[in-house]
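Observations on the three-dimensional arrangement
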Amino acid sequence: LSRGAAVWAPVALCIVSRRHAPLCFKAVLLAVHTLARASLKQPLSLSLETALSHLALAVPLPPPGGPAVRFVLHPELTAPPRAAAEPAAEPESGADDSPLALHVRAPSSSELPSSDYSAASLLDRLRPPQLLHILQVLALEWQLVLVSDDDERRVGAAELFLQWLYPLAWTQAYVPTVPDGPWLDLLKAPFPYIIGLTSRQLGQLPTPLPERLCVLRLGGDSALTGARGVWSVSGPASPLPPLPPRENGALLSSLSRLCRTAGSLKHALASDAGSPASAAARGVDEGARLAFVHFFASLLRDLPRAREAGAAAAASAGRVSRTASERPRKRKGSPTRSPERGATTRCLHGAKCPAERRARVSPTMTTRATPPSARSAVSSTGTHSPSERRSACSPAAEAHTSRVSRPTSWCSSQSTSVPYAPSRRESY
């Protein structure tokens with residue numbers, strides 16, 4: 001470094017956006033990679049940093065449901081960007097050297113969700129029961145692992161499955177491509193996820209497999225022999241709940257018809273930026289979306305009524321619980337409060353005492369003034385005589401009164417507001 005030697009360091013570029021346009025972002029990243037390689041041979045007329053600033057600051061967001069936004073990333077980019085593993089196309093005679101224009105479009109909220117990936121590839125290689133099996137795993141929010149050495153195939157399959165879940169939306173972990181290293185520990189997570197792995201990473205799955213884990217193997221096709229790889233679905237170990245026969249039969253019939261149509265098409269999972277799919281492929285995509293929308297609409301048709309019935313039951317249960325909580329509870333020997341002075345008195349015999357029972361039933365008796373005959377029975381120490389206490393209670397309760405060492409109040413049907421103060425002559 002002290003001698004001025006050139007030092008090369010790896011640079012990683014990523015796009016972070018609130019909009020979901022995987023194919024457009026892929027084309028942009030491939031174009032940046034192509035321009036970076038071209039800058040090694042000769043300097044670019046426009047720096048790569050300027051092109052990235054133009055993308056982030058000058059390219060507007062497409063309006064939902066409006067026309068597509070077309071933009072030029074760099075004036076020297078004339079051929080469609082391709083990955084390093086893809087063969088370069090031969091230049092056509094008389095080809096236009098104008099800059100390549102990329103496009104991106106945002107669907108409106110009233111449209112069915114669409115994707116840049118073609119559903120014909122999945123419908124051609126997976127049977128209708130397998131497709132329904134995977135959609136049922138995702139609707140139950142279980143775990144799904146996609147295995148393929150082709151990154152584009154993993155992302156395309158995951159995007160199509162999420163598109164077919166409409167009107168449901170996947171809000172759990174979604175990682176269609178997992179790099180090597182500690183990120184593979186996500187496979188041991190207990191929460192729902194959609195994760196994409198390569199065949200080399202397949203050995204990182206936990207053993208034994210979780211009961212709610214489903215593995216979809218997207219077998220690769222051989223470009224030399226033309227042999228088609230095996231696409232298979234395994235798991236989960238836990239049995240899936242059966243679907244209603246009416247919805248299940250209608251969806252399988254629609255998917256069988258679409259699979260026969262997709263088998264006769266020359267399709268690709270994803271097209272290059274700017275090259276629209278054929279009319280037949282678009283018809284298959286729209287038919288698959290409508291089939292799954294009708295399936296979920298019929299499956300959830302009673303959901304509003306079920307929610308209303310549940311809300312009514314909860315409100316009724318709340319009213320019953322409030323009524324029960326507001327109802328006064330009567331306990332044996334419960335204290336009575338005198339409205340005159342606020343003194344609380346309690347009889348030793350509880351509900352068995354007829355005097356206290358009459359005092360509770362007739363609250364007017366507790367508010368009367370003490371007659372002269374009752375006041376004469378009060379001694380100088382402010383206590384009632386034992387004879388008055390025995391006369392107020394029933395004869396059956398006298399024996400019980402004699403056994404009690406210290407009463408807490410009087411059993412008087414005429415006045416319950418006089419507190420008890422024991423004299424010195426009484427022993428405890």
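Counting restarts for each chain, with residues numbered from 1 along the sequence as it is written. Thresholds applied to this predicted model are a pLDDT of at least 70 for local features of residues and 80 or more for the giving and counting of side-chain atom pairs; totals over whole chains, interfaces and linings are not thresholded and use all residues. Water and hydrogen atoms were dropped before computing side-chain values, which therefore reflect all heavy atoms in the structure.

1. Side note on the overall build of the protein chain
Labels follow the DSSP assignment, with helices taken as runs of H or I lasting at least four residues and strands as runs of E lasting at least two, numbered in each case from the N terminus. Counting its regular elements, the protein chain contains 12 helices and 9 strands. Partly exposed residues are those whose accessible area sits between 20% and 50% of the maximum for their type, while under 20% is buried and over 50% is exposed, using a 1.4 Å probe and protein chains only. Relative to its full complement of 428 residues, the protein chain shows a buried share of 32%.

2. Section: the nonpolar core
In these notes, a set of buried Ala, Val, Leu, Ile, Met, Phe, Trp, Tyr and Cys residues joined through side-chain atoms within 4.5 Å is what counts as a nonpolar core. Counting residues in each nonpolar core, the largest one holds 41 residues, and the members touching the most others are L122, L123, L126, L144, F161, W164 and L216. When contributions to this core are tallied by element, the ones reaching two or more residues are α3 (120–125), α4 (128–139), β3 (143–147), α5 (151–164), β6 (213–218), α6 (245–263) and α7 (279–299). Among the nonpolar cores identified, the runner-up in size contains 17 residues, and V28, L73, L77 and V104 belong to it.

3. Considering the sheet that holds strand β4 (residues 173–175)
Overall, mixed pairing links the 5 strands, which are arranged β4-β5-β3-β6-β7 in an open sheet. Lying at the two open borders of the sheet, with one neighbouring strand each, are β4 and β7 (231–234). Taking each pair of neighbouring strands and ignoring which way they run, the sheet shows an average axis angle of 15 degrees. A pair of strands is considered paired only if DSSP assigns at least 2 bridges between the two. Pairing analysis gives 5 bridges linking β3 to β6, with the strands arranged parallel. Convention adopted: a line fitted to C-alpha atoms gives each axis, helices being fitted over their contacting stretch, and angles between N-to-C directions are expressed from 0 to 180 degrees.

4. Points about the packing of α4 against α6
Geometry of a packed helix pair, given as the angle between the helix axes and the separation of the axes. α6 packs onto α4 with a crossing angle of 125 degrees between their chain directions and a minimal axis gap of 9 Å. Between α4 and α6, the interaxial angle falls into the category oblique. Crossing geometry of α4 relative to α6 is assigned as right-handed. Together, P128, P129, L131 and L132 of α4 and N248, L251, L252, L255, S256 and C259 of α6 make up the contact between the two elements. Orientation categories follow fixed angle ranges, with anything under 35 degrees roughly parallel, anything over 145 roughly antiparallel, 65 to 115 roughly perpendicular, and all other angles oblique. Rotating anticlockwise by less than a right angle from the far helix to the near helix defines a left-handed crossing, while the corresponding clockwise rotation defines a right-handed one. Throughout, a residue-residue contact means that at least one pair of heavy atoms, one from each residue, lies within 4.5 Å.

5. Considerations on the environment of A262
With respect to the helices, strands and loops of the structure, A262 is situated in helix α6. Residue classification places A262 among the buried residues on the basis of a relative accessible area of 0%. Linking A262 and R125, residues 137 residues apart in sequence, is a C-alpha distance of 9.3 Å.

6. Side note on the pairing of β3
Burial runs high along β3: 5 of the 5 residues are buried. Burial of β3 is two-sided: the residues Q143, V145 and V147 facing one way and the residues L144 and L146 facing the other way are all buried. Of the strand pairs in this sheet, β3 and strand β5 (residues 193–197) are connected by 5 bridges, and their pairing is parallel. Its bridge partner being in β5, L146 is matched across the sheet by G196.

7. Things to note about the pairing of strand β1 (residues 69–72)
The alternating pattern of β1 places V69 and F71 on a buried face and R70 and V72 on a face that is not buried. Of the strand pairs in this sheet, β1 and strand β2 (residues 101–104) are connected by 4 bridges, and their pairing is antiparallel. Its bridge partner lying in β2, R70 is registered against H103.

8. A short note on the packing of aromatic side chains
For any pair of aromatic rings, the description consists of the separation of the ring centres together with the inter-plane angle of the planes. For this analysis, a ring pair means two rings from Phe, Tyr or Trp (six-membered ring only for Trp) whose centres lie within 6.5 Å, classed as stacked if their planes differ by under 30 degrees, edge-to-face if by over 60, and tilted for the remaining angles. Taken as a whole and judged by the stated rule, the model has 3 aromatic pairs. Each ring, one from F161 and one from W164, has its centre 5.9 Å from the other, and the planes form 75 degrees; the classification is edge-to-face. Residue F161 and its partner W164 are both found in helix α5; the two are separated by 3 residues, about one turn of the helix. Ring centres 5.0 Å apart and planes at 15 degrees place the aromatic pair W164 and F292 in the stacked group. Note that W164 is positioned in helix α5 and F292 in helix α7, a separation of 128 residues in sequence. Residue W164 shares its accessibility class with F292, and that shared class is buried. Among the aromatic residues, those joined into a ring-pair cluster are F161, W164 and F292.

9. Notes on the confidence of the model for the protein chain
In this model, the protein chain carries a mean pLDDT of 74, and residues with pLDDT of at least 70 account for 64%. pLDDT expresses, on a scale from 0 to 100, how confident the predictor is about each individual residue. Across residues 271–275 the pLDDT falls below 50, and counting only partners more than four positions away or on other chains, this stretch makes 6 contacts in the model.

10. Describing α5
Between its first and last C-alpha, α5 extends 20 Å over 14 residues, near the 20 Å set by a 1.5 Å rise per residue. Along α5, 12 of the 14 residues are buried, which leaves the element largely enclosed by surrounding structure. What α5 keeps buried is the set E152, R153, R154, V155, G156, A157, A158, E159, L160, F161, Q163 and W164. Where α5 starts, the residue carrying a side-chain oxygen 3.1 Å from the main-chain nitrogen of E152 turns out to be D150. Between the first and last residue of a helix there are one fewer steps than residues, each counted as 1.5 Å, and that sum is the expected span. Polar contacts here mean pairs of N or O atoms no more than 3.5 Å apart (in protein, one a potential hydrogen donor and the other a potential acceptor; neighbouring residues in sequence count only if both atoms are side-chain atoms).

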